Amino acid sequence: MYLLFADDTLERFVQQFYDTPDIVFCLGFAVLATVFYLWGLRNKNKFPEKTFSNETLMLAGSFATAACIGFLGKILDRETHYFTVLFFLSILIYGILAVVMRSKLIWVFTLVALGVWFATETAYHSDWGWRFWGMNYPLRFTIFGVLLTAGAVFLQPKIEVLLPFQSTSVVVGLLYTMIALWCLSIFGNYSDLEAWTRIRQYEIFYWGLLAVFISLGLALYGLKYKDSTIRDIGFVFFLLNLYTRFVEYLWDNINRTIFFLLLAVIFLVRGAVVGKDLEAQ
């Protein structure tokens, strides 16, 4: 193995990649992405039942697109504001491709690119500080997730070409919201680690309470309207928030057996609900 890596030929071969201009990689990944997309679209039209293999090709094309945009950013100089514009460009590229290819997977990349653009754009306008308009990242993304979910529910149905992606947008929006809200329940709206370490967790208890109520509300909504995806998101974050609150407030004050027994009961209830859903199907 040592001889393999010590070989001058291999070293020169690897060095060629370092010496290759970024424009070559940018164009190369652009061509590769085009090949994967066309291949995936052809297979999708010819073998629509092969969902896994078709989406795998779309996934490969999406990663190649991201690499192409990344090298384009290096060419334009990533130290400027250009790279936030490139993130916005990636949203447009992924969005158009998702509609043309009828791919929910690429639509997920569109929404992820939207989140990355939002993070970098707000960071740029706050001079790379942790606060933007008085909000740290968890609070920003909680609001971002709520707006994304609301847009998916109320606005997306009015745009015919985006209607097939509504459920995907709702799920991604809820995940943005609940992950950010969970982080907010731990760190509060603090951007200074030293200031956060000086507070007591009960001082930001309201964020934890909000996270518990929203996650429980999602679980109950999913149960009532038989939406298994929203129900599962609600249950997962309800349990996650309960466990987090337990560690923060009750770890030294309550019997562990009782707590985990309560968690077991919740899991049994959820299992019973899922079992009924499967029987109904």
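In this text, all values refer to a predicted model and were calculated from it rather than measured experimentally.

1. Brief notes about the environment of Glu 55
If you trace the backbone, Glu 55 turns up in helix H4 (residues 51–76). Glu 55 sits 50 residues away from Leu 105 along the chain, and the two C-alpha atoms are 6.9 Å apart. When residues no more than four places from it in sequence are discounted, the contact partners of Glu 55 are Lys 44, Ser 103 and Leu 105.

2. What to know about the packing of helix H6 (residues 104–125) against helix H7 (residues 137–155)
Contact pair H6 / H7: the axes reach a minimum separation of 11 Å and the direction vectors enclose 140°. What the angle tells us is that H6 and H7 run oblique. Judged by the twist between their axes, the crossing of H6 over H7 is right-handed. Between H6 and H7, the contacting residues are Leu 111, Leu 114, Gly 115, Phe 118, Ala 119, Thr 122 and Ala 123 on the first element and Tyr 137, Arg 140, Phe 141, Phe 144 and Leu 148 on the second.

3. With respect to the side chain of Ser 215
Along the chain, the position of Ser 215 falls in helix H10 (residues 205–224). Within polar-contact distance, the side chain of Ser 215 engages the backbone oxygen of Val 212 at 2.9 Å. Sequence-distant contacts of Ser 215, defined by excluding residues within four places in its chain, comprise Met 178, Gly 234, Phe 237, Phe 238 and Asn 241.

4. Here we look at the side chain of Thr 149
Structurally, the position occupied by Thr 149 is in helix H7. A distance of 2.8 Å separates a polar side-chain atom of Thr 149 from the backbone oxygen of Gly 145. A polar atom in the side chain of Thr 149 sits 3.4 Å from the backbone oxygen of Gly 173. When neighbours within four sequence positions are excluded, Thr 149 is seen to be in contact with Val 170, Gly 173, Leu 174 and Thr 177.

5. Re H10
For H10, with 20 residues, the first-to-last C-alpha span of 29 Å sits near the 28 Å given by 1.5 Å per residue. By the burial criterion, the buried members of H10 are Trp 207, Gly 208, Ala 211, Val 212, Ser 215, Leu 218, Ala 219 and Gly 222. Looking straight down H10, one finds its buried side chains confined to an arc of 140°; they lie on one side. In H10, the exposed positions that point more than 90 degrees away from the buried face belong to Tyr 206, Phe 213, Leu 220 and Lys 224.

6. Description of the nonpolar core
Among the nonpolar cores identified, the biggest contains 25 residues, and Tyr 37, Met 101, Ile 106 and Phe 141 are the most heavily contacted of them. The element contributing the most residues to this core is H6, with seven residues. Leave out the neighbours within four places in its chain, and Tyr 37 touches Met 58, Gly 61, Ser 62, Thr 65, Tyr 94, Leu 97, Met 101 and Ile 106. Counting residues in hydrophobic clusters, the runner-up holds eight residues, among them Met 178, Ile 230, Ile 233 and Phe 237.

7. A few points about the layout of surface pockets
Taken as a whole, the largest pocket encloses approximately 370 Å³ of empty space. Around the largest pocket sit 16 residues that line it, and Thr 149, Val 153, Val 170, Leu 174 and Ile 230 are the ones nearest its centre. Mapped onto the lining of the largest pocket, the elements with two or more residues apiece are H7, helix H8 (166–187), H10 and helix H11 (228–250). A class-by-class count of the residues in the lining of the largest pocket yields 11 nonpolar, four polar and one charged.

What counts and what doesn't
- Residues numbered from 1 in each chain as written.
- Predicted model: local features only at pLDDT ≥ 70, side-chain atom pairs only at ≥ 80, totals over all residues.
- Heavy atoms only, no water.
- Helix = DSSP H or I, 4+ residues; strand = E, 2+ residues; numbered from the N terminus.
- Contact = heavy atoms within 4.5 Å.
- Axes fitted to C-alpha atoms, helices over the stretch in contact; angles between N-to-C directions.
- Parallel < 35°, antiparallel > 145°, perpendicular 65-115°, else oblique.
- Left-handed = near helix turned anticlockwise from the far one by under 90°.
- Polar contact = N/O pair within 3.5 Å; in protein donor to acceptor, adjacent residues only side chain to side chain.
- Expected span 1.5 Å × (residues − 1).
- Buried < 20%, exposed > 50% of the residue type's maximum accessible area, 1.4 Å probe, protein only.
- Arc of directions from axis to C-beta.
- Core = buried A, V, L, I, M, F, W, Y, C linked by side-chain atoms within 4.5 Å.
- 1 Å grid on protein atoms, 1.4 Å probe; cavity = no way out; pocket = protein on both sides within 12 Å on 5 of 7 lines; lining within 4 Å.
- Points joined across faces, edges and corners; volume = space filled by probe spheres on them.
- Nonpolar A, V, L, I, M, F, W, Y, C, P; charged D, E, K, R; others polar.

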